[in-house]
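# Summary of the model geometry
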Amino acid sequence: MSDESKSSTPQSPDAVLAVSRSTVPIWIIVLTLLLLFLGMVYFDHHGGWFNPQVYGPYASAEELELYQPKSGEAAILARGKARYDLVCGLCHGVDGLGKPGQAPPLAGSEWVDTKGIQRFVSIPLAGVGGQLSVKGQTWSLSMPAMGAAMSDADLADVLTYIHNSWGNKQGPVTADDVKAIRAKLGAHPQPFTGETLKALPE
Amino acid sequence: MNNMFAKRDSSEIDRSCCIPLLALFGGAALWLVFGSVLGLIASIKFHAPGFLANCAWLTYGRLQPAADDALLYGFCLPAGLGVALWVLARLSQTPLRGAIVPIVAANLWHLGVLVGLVAILIGDGTGFAWLEFPRGSSVPIFFAYLLLALWAMMVFARRHERTLYPSQWFLVAALFWFPWIYSTANLFLVAWPVRGVAQAVIGWWFANNLLLVWTALVGLGTAFYFLPKLTGCPLQSHYLALFAFWTFILFATWCGIPPGAPVPVWLPTLSAVAAAWLLVPLLVIAIVGLRTVWGSVKSSWDNGPFCFIGFGLDCFCLSGLMLVAMACPQISRWTDFTWFGPAETQLRLYGFFAMTMFGAVYYLLPRAVGMEFPFPKLVRAHFWLSLVGVALLVVPLAIGGVLQGLKLQNPDIAFADTTKAMLPFLRVSTLGLTAMLLGNLLFFVNIIGLTLRWKLALLKQFIAFVKSPLEPGSACASLRRDKEVRA
């Protein structure tokens, strides 16, 4: 064979099979660390956190929960949350804490977290303008009648959700409640002020 | 250093492995040809479904697994073990002792493969991909491997240099790898089957660890030994090889679960991430190979073994990239359930592993036997036939696979039309398999020719020995003289 002369030198050829000792270039180490980091981030987002119930194409238990059909109270709360996040959450926040200078908090508010629902249901149907004191702080408000365009059932779901979230613990608001109060307010009610709201029974 | 461990002449080491290697490679060459014939028939069935369809033994569902297993268990594993045995003996500078055990083990191995292939063809396979051999075959194979690995480890344990050459890490890791995965997979899938989806997970894990990790460990260990040896340039470098070794076995063992698998999502996600991390060892291995042979490619090009092993390393990197692409969820949409996967497997098993083994066997077997191959010119022809065969098999299937995936994603194209559109690609791949079969036949002819030549020489020696008392100065005469002196 042609390589015979090259490979079999007189002494045993494998005694010193030459190996260079040059080191691993730093860019390979950096590339490895970068890939490791990106890989872990990817796993974080898509891996379902080792949950044996999460199958593809879903990536987490929370995502899976969104697609589960609900019944009873859970269904009302899920519908209410979806609508709240869309309509109310922009100002009052998805956490119900409000926005400074714009919208007062709903969590633990004396206008919301109450047993009676007269005032609570009237606010979204008519809106609020002018000065209003919420949790010891005076707000200058101009809230439009955000709930006026919703159906009774939809508004009832949203209000039930608000009544039972972020630490609020009150009873449900039914579509019949909303219907009755809407009828009492009339077709085009004026926005409430602090005084007119207080004049209402709880 | 005491006398027992005195350094040996390399030819003495080579000759000590002679009979075990002939037993391992002879059977391997036979199974290689047998497997390619089965694979060729299976491939023809795609465009001529009536071909040999009347015989239950030759139906596609039995032929294809039999062809795959003949290539993997019949050729790749025994050839890899033989090469590992010889390379470890050479690097340890220690002759093989007690050669009878590896000889028995090699025959036990080939007997096990025979039983397994017959079992598959009569419809008695286990039904798990790459693990079709039933118990009557997997048990002898397992013990034959243990014996061969034990003897290789004993050679390794008696080595002269305490510092290890990179090839030794790879080969020793491979010796341990197979018993672990083969016993685990057989116990959990065949002996006491686990329930439900875990079966599929174990099946994928096993196939990946055998087809990716084991072949890479043996193939790279062999390439890292032969490339510096054949080119005369040092391996570049110790630390890069070390980095490639650890990153490879760390990442590659997690791969193998396809992105669309109906199992909890963390499993395929982990596999996808590990496959992306596999880019690092692939890159480093490519750098090691390129830096080592850089500048000596032209001068080594007329060297048969170098061509085989160099081509094998190219195929390793290419098939690695295909594997990473298939594991990426965005790309796998077009490659899942298409011909892309088989193309990748063939590229790795034949293009990388078998080619590397061919190169190594062409180099080491004449040295071990102490004779030249009877038809040295066929080595070159074998190389070109295999190269053309791999190209004609893998390229059309990979391209056709992606086109097939695109069509499968399109709801306007009927399934039957998608399947029909693959026909031209499958016809070309049959041509590729034919070229590979011819190449394998040349390999077989050389191995069997060398074995016959060796047996003939033994016979001549024997006859000379029988005749020798008539001639003064022969072995027997000198023996008689010794006795007289002692007396």
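No experiment lies behind these values; they were computed from the predicted model shown.

What follows covers the nonpolar core. For soluble globular proteins, nonpolar side chains are generally found buried alongside one another. All names here are of chain B. With 158 residues, the main nonpolar core has F25, A84, L88, A152 and V361 as its most contacted residues. For this core, the leading source of residues is helix α3 (residues 60-92), giving 20 residues. Sequence-distant contacts of L88, that is, excluding residues within four places in its chain, are made with A152, V155, F156, Q168 and L171.

With 35 residues of chain A at the contact, the number on the chain B side is 36 residues. Looking at the side of chain A that touches chain B, the elements with two or more residues in it are α1 (4-7) and α2 (26-46) of chain A. Of the residues assigned to the side of chain A that touches chain B, the class counts are 18 nonpolar, 13 polar and 4 charged.

Two elements in contact, α2(A) and helix α9 (residues 266-277) of chain B, have axes separated by 10 Å at closest approach and are oriented at 165 degrees. One way to sum up the angle between α2(A) and α9(B) is to call them roughly antiparallel. Where α2(A) crosses over α9(B), the two elements pack in a sense that is right-handed. Judged by residue contacts, A:L35, A:L36, A:G39, A:Y42, A:F43 and A:H46 of α2(A) engage B:T269, B:L270, B:V273, B:A276 and B:W277 from α9(B). Residues that form the contact of α2(A) with α9(B) fall into these classes: 8 nonpolar, 3 polar and no charged.

This paragraph deals with unusual backbone geometry. A cis amide bond, omega 0 degrees, links A:G56 with the succeeding residue A:P57. For the bond from B:Q236 to B:S237, the omega torsion is -10 degrees, close enough to zero to count as cis. Locating B:S237 in the fold gives a position in the loop between α7 (197-231) and α8 (238-252). Positioned with a positive phi, A:W166 is a non-glycine residue whose angle comes to about 55 degrees. Take A:W166: it is sitting in the loop between α7 (152-163) and α8 (175-185). At B:F337, a residue that is not glycine, the phi angle is positive and equals roughly 60 degrees. Along the polypeptide, B:F337 turns up in the loop between α13 (329-335) and α14 (340-369).

Let us now look at the packing of α7(B) against α8(B). Residue and element names in this part refer to chain B. It is at 10 Å that the axes of α7 and α8 come closest, and there the two elements cross at 170 degrees. Compared by their axis directions, α7 and α8 come out roughly antiparallel. Across the interface between the two elements, L212, V213, A216 and F224 of α7 pack against A241, F248, I249 and A252 of α8. Residues that form the contact of α7 with α8 fall into these classes: 8 nonpolar, no polar and no charged.

Over its 16 residues, helix α4 (residues 72-87) of chain A extends 23 Å from the first C-alpha to the last, a length consistent with the 22 Å expected when each residue adds 1.5 Å. In this structure, the buried side of α4(A) is in contact with α5 (89-92) and α7 of chain A.

Our next topic: the domain arrangement of chain A. Interfaces are often sized by the accessible area lost when the parts come together. Once the domains are mapped, chain A shows domain 1 (26-65) and domain 2 (70-199). Here domain 1 of chain A and domain 2 of chain A have C-alpha centroids that lie 40 Å from each other.

The next subject is the environment of B:T418. Here B:T418 shows up in helix α16 (residues 415-421). For B:T418, the contacting residues outside a window of four places in its chain are B:Q404, B:K407, B:L408 and B:I413.

The rules behind these values
- Residues numbered from 1 in each chain as written.
- Chains lettered and ligands numbered in written order.
- Predicted model: local features only at pLDDT ≥ 70, side-chain atom pairs only at ≥ 80, totals over all residues.
- Core = buried A, V, L, I, M, F, W, Y, C linked by C-beta atoms within 7 Å.
- Buried ≥ 20, exposed ≤ 12 C-beta atoms within 10 Å, placed from the backbone.
- Helix = DSSP H or I, 4+ residues; strand = E, 2+ residues; numbered from the N terminus.
- Contact = placed C-beta atoms within 7 Å.
- Nonpolar A, V, L, I, M, F, W, Y, C, P; charged D, E, K, R; others polar.
- Axes fitted to C-alpha atoms, helices over the stretch in contact; angles between N-to-C directions.
- Parallel < 35°, antiparallel > 145°, perpendicular 65-115°, else oblique.
- Left-handed = near helix turned anticlockwise from the far one by under 90°.
- Expected span 1.5 Å × (residues − 1).
- Domains from an automatic or database assignment.

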